[in-house]
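What the coordinates show
Chain by chain, the residues run as shown.
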Amino acid sequence: MIHFGLAALLVVTPPIDQSSIRQAALDSGFQETYVGAAGPIARTIHAEYAIPASVTVAQSILESNWGRSKLSTAERNYFGFKCVTPSSPGSLALRCAQYPTTECVPAPCHPVDAYFRSYASIDDSFRDYGRLLTTSANYAAALPARTDPDAFIRAVAKKYATDPEYANKVIRVMNRYDLRRLDA
């Protein structure tokens, strides 16, 4: 029988370099694949509702984690839209589905369960986004700024998200991935 001391079993692993892992994910190309799929839909929404396509795609990126969140893959909800009530999904959604989320109003940020809209397709999710932003009184102040993506998202963010940094996050995504090219 061979005995090994405890020290022989310990393996030292170096710390994980999170920045290199993040960069490898960014370099993998899934971002351009997502923009390539979402961009034409966002341009359709722009044609119908005059919402900047750059903002539409950037918000869908943040809200759906590049289309990889469970809410987007299972419910085709790319904007984090909640149901009016647990049994009222709105005019374009099929049903409501319960998911955990984080809310920051009232402060501090805290976990909650909420009911989110479930759609038949990504197109329906994007269409509901355009419809909601152009028909809800919450976003009326943003509509005159539709020709300026930064000003538009700053106005929308006041009512859209509870995260006080939301507009800045959307703008950073638009800048990093040159999404304003979709507005041309």
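Here goes a summary of the coordinates provided.

Our focus in this paragraph is the state of the cysteines. One pass over the full model with this rule turns up 1 disulfide. Bridging C83 to C96, the disulfide has an S-S length of 2.1 Å. Where C83 bonds to C96 through sulfur, the torsion about that S-S bond is close to -120°, and the disulfide is left-handed. Taken together, the positions of C83 in the loop between α5 (70–75) and β1 (95–103) and C96 in strand β1 put the pair 13 residues apart, joining distant regions of the chain. Note on accessibility: C83 and C96 belong to one class, buried.

Moving on: the packing of aromatic side chains. Inspection of the entire model under this criterion finds 12 aromatic pairs. Ring plane angle 85° and centroid distance 6.1 Å describe the contact between Y34 and W66, whose orientation is recorded as edge-to-face. With Y34 in helix α3 (residues 30–49) and W66 in the loop between α4 (53–64) and α5, this pair connects stretches of sequence that are 32 residues apart. On the basis of relative accessibility, which here comes to 12%, the residue W66 falls in the buried class. With 6.1 Å between their ring centres and 55° between their planes, Y78 and F126 make a pair best called tilted. Residue Y78 is found in the loop between α5 and β1, and its partner F126 is found in helix α6 (residues 122–135); the two are separated by 48 residues along the sequence. For the residue pair Y78 and F126, the accessibility class agrees, reading buried in each case.

Attention shifts here to the nonpolar core. F126, F152, Y160 and L179 are the most contacted members of the largest nonpolar core, which totals 43 residues. Of all the secondary structure elements, the ones that give two or more residues to this core are α3, α4, α6, α7 (149–160) and α8 (166–176). Element by element, the count of residues in this core is highest for α3, at 8 residues. Beyond its immediate chain neighbours, meaning those up to four positions away, F152 contacts I51, P52, V55, L133, A142, L143, A145 and R146. With 5 residues, the next largest nonpolar core counts A97, Y99, A114 and F116 among its residues.

Enumeration over the complete set of coordinates arrives at 9 salt bridges. One salt bridge in this structure joins D128 and R131, with 2.6 Å as the shortest N-O distance. Of this pair, D128 and R131 both sit in helix α6, 3 residues apart, which is roughly one turn of the helix. We classify D128 as buried; its relative accessible area is 0%. Linking K169 and D163 is a salt bridge whose minimum nitrogen-to-oxygen distance equals 2.5 Å. Using a relative accessible area of 23% as the deciding quantity, one classes D163 as partly exposed. Through salt bridges that share partners, E32, D178 and R181 make up one connected network.

The rules behind these values
Residues numbered from 1 in each chain as written. Predicted model: local features only at pLDDT ≥ 70, side-chain atom pairs only at ≥ 80, totals over all residues. Heavy atoms only, no water. Disulfide = S-S within 2.5 Å. Helix = DSSP H or I, 4+ residues; strand = E, 2+ residues; numbered from the N terminus. Buried < 20%, exposed > 50% of the residue type's maximum accessible area, 1.4 Å probe, protein only. Phe/Tyr/Trp six-rings, centres within 6.5 Å; stacked < 30°, edge-to-face > 60°. Core = buried A, V, L, I, M, F, W, Y, C linked by side-chain atoms within 4.5 Å. Contact = heavy atoms within 4.5 Å. Salt bridge = Lys/Arg side-chain N within 4 Å of Asp/Glu carboxyl O.

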